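Chain by chain, the residues:
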Amino acid sequence: MSVELELYVPKLDELWFYQKMMADPATMSYNAGYDPWPGYHKDTGCIDFPREEWADWHAQWVGREPERFYAYIRRKSDGEWIGDVCFHYTPDKDWWDMGIVIYAPCRGQGYAVPALRLMLDRAFRDCGVSRLHNYFETTRDAAWKAHRAAGFRDAGTTDGIRHLLLTREEYLTSRVD
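First, a word on what this report is: a plain description of the structure on this page. (Residues numbered from 1 in each chain as written. Predicted model: local features only at pLDDT ≥ 70, side-chain atom pairs only at ≥ 80, totals over all residues. Heavy atoms only, no water.)

1. A closer look at the sheet that holds strand S2 (residues 68–75)
A sheet is described by the order of its strands in space; here 7 strands give the open sequence S1-S2-S3-S4-S5-S7-S6, paired in mixed fashion. Since the sheet does not close on itself, it has two edges, and those belong to strand S1 (5–8) and strand S6 (153–158), each with one partner. Neighbour-to-neighbour, the strand axes of the sheet open up by a mean angle of 30°, direction not taken into account. Inspection of the sheet shows strand S4 (residues 95–102) paired to strand S5 (residues 131–137) by 2 bridges, in the parallel sense. In the sheet register, tryptophan 96 faces S5, and the bridge partner there is leucine 132. (Pairing = 2+ DSSP bridges. Helix = DSSP H or I, 4+ residues; strand = E, 2+ residues; numbered from the N terminus. Axes fitted to C-alpha atoms, helices over the stretch in contact; angles between N-to-C directions.)

Below you can see the structure in the form of structure tokens.
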């Protein structure tokens, strides 16, 4: 089954979906156990995102390309939001760190690889990003499989964390359009 997706940059009043994902224990379970900042729930991995924070967050993430990019992943057939993607420049590493979250009820339906490819096109073709980096635990086999299928290569493992990298050149020479 071919999945038709698109990226959709949310308006400020549409951040309720981001709030919903961040508050969903099934969606955020990959984050459980960490304790990085206030508003983060170590037991579930959920992150508080109260409405009064929406405007500042939106201003930091939307319309800031190529330094930062954020979008929902939207199914073309019915406009349903199924997750999100983002990337942001990390100056001390001279790369862009990226992220993808598939809303838990939408997982296992073939969305991750097409969504990653849309984000990669946005980063490398539209924004001129030179290289993208992501990292996660070596136990997250589905995440590794999806990233590998989208073109990422293993850039090493440290303390149970797999680092992935993909350069613009690697991506553009491997894509067949």
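2. Points about the pairing of strand S3 (residues 81–90)
Of all 10 residues in S3, 8 are buried; the element is thus mostly enclosed. By the bridge criterion, 7 bridges tie S2 to S3 in an arrangement that is antiparallel. Paired with arginine 74 across the bridge in S3 is tryptophan 81. Counted along the chain from S2 to the antiparallel partner S3, the turn is 5 residues long, and its residue glycine 79 has a positive phi close to 75°. Two strands pair when backbone bridges link them, and S3 and S4 are joined in this way by 8 bridges, in the antiparallel orientation. Note that in S4 the partner of histidine 88 across the bridge is aspartate 97. Connecting S3 to the antiparallel partner S4 that follows it, the hairpin turn spans 4 residues, and aspartate 94 within it adopts a positive phi of roughly 55°. (Buried < 20%, exposed > 50% of the residue type's maximum accessible area, 1.4 Å probe, protein only.)

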